[in-house]
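# Residue-level structural notes
What follows is each chain in one-letter form.
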Amino acid sequence: MNEVFIMVKVKNFEYRFLLKKKNNAICKVEGILENSSTIKLMAYDNFADKLLRKLKINELYLFRGRLNSNMEVILKDFYKI
């Protein structure tokens, strides 16, 4: 997997609990890049909880994560810009 740094304006996010899975919670983030294209980001467990508490819609963030084989970004850290 490749590490990526992405500057994203948060358009929407959704938090869910996962039952009978390896992970307990997931937060799916939909964002807009500088070139106006959309991107989907995901976070799991404790980091998903942190995103739920801290993210605000229409704010700009710098995300750090890993790109998996399904072209999804699994988030590891974020900073508000």
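Each remark here, short or long, concerns the structure printed above.
Note that the structure is a prediction, hence the values are computed from the model and not measured.

## Things to note about the overall build of the protein chain
Helix and strand content of the protein chain: one helix and five strands. Mapped in sequence order, the helices and strands of the protein chain form the string β-β-β-α-β-β. Against the compact-globule benchmark of 12 Å for 81 residues, the protein chain has a radius of gyration of 12 Å, which places it among compact chains. Taking all 81 residues of the protein chain together, 33% fall into the buried category. Counting every atom, the protein chain has about 5,600 Å² of accessible surface; 50% of that belongs to carbon and sulfur. With 16 positive and 9 negative side-chain charges, the protein chain shows a separation of 4 Å between the mean positions of the two kinds.

What counts, and at which threshold
Sequence order as written defines residue numbering, which begins from 1 separately in each chain. Owing to the predicted nature of the model, reporting of local features is limited to residues with pLDDT of at least 70; listing and counting of side-chain atom pairs is limited to 80 or more, with chain, interface and lining totals taken over all residues. Think of the side-chain values as coming from all heavy atoms in the structure, minus any hydrogens and water. Only DSSP runs of H or I reaching four residues or more are called helices, and only runs of E reaching two or more are called strands; each is numbered from the N terminus. Here the globule rule is a power law, 2.2 Å times the number of residues to the power 0.38, and the radius of gyration is based on C-alpha atoms. Accessibility here uses a 1.4 Å probe with only protein chains present; expressed as a share of the type maximum, an area under 20% marks a residue as buried, one over 50% as exposed, and anything in between as partly exposed. Per-residue accessibility takes into account occlusion by the displayed protein chains alone, with areas from the Shrake-Rupley method and a 1.4 Å probe. We treat Lys and Arg as the positive residues and Asp and Glu as the negative residues; His and chain ends play no part in the count. Where a charge lies is defined by one atom per residue type: Lys uses NZ, Arg uses CZ, Asp uses CG and Glu uses CD.

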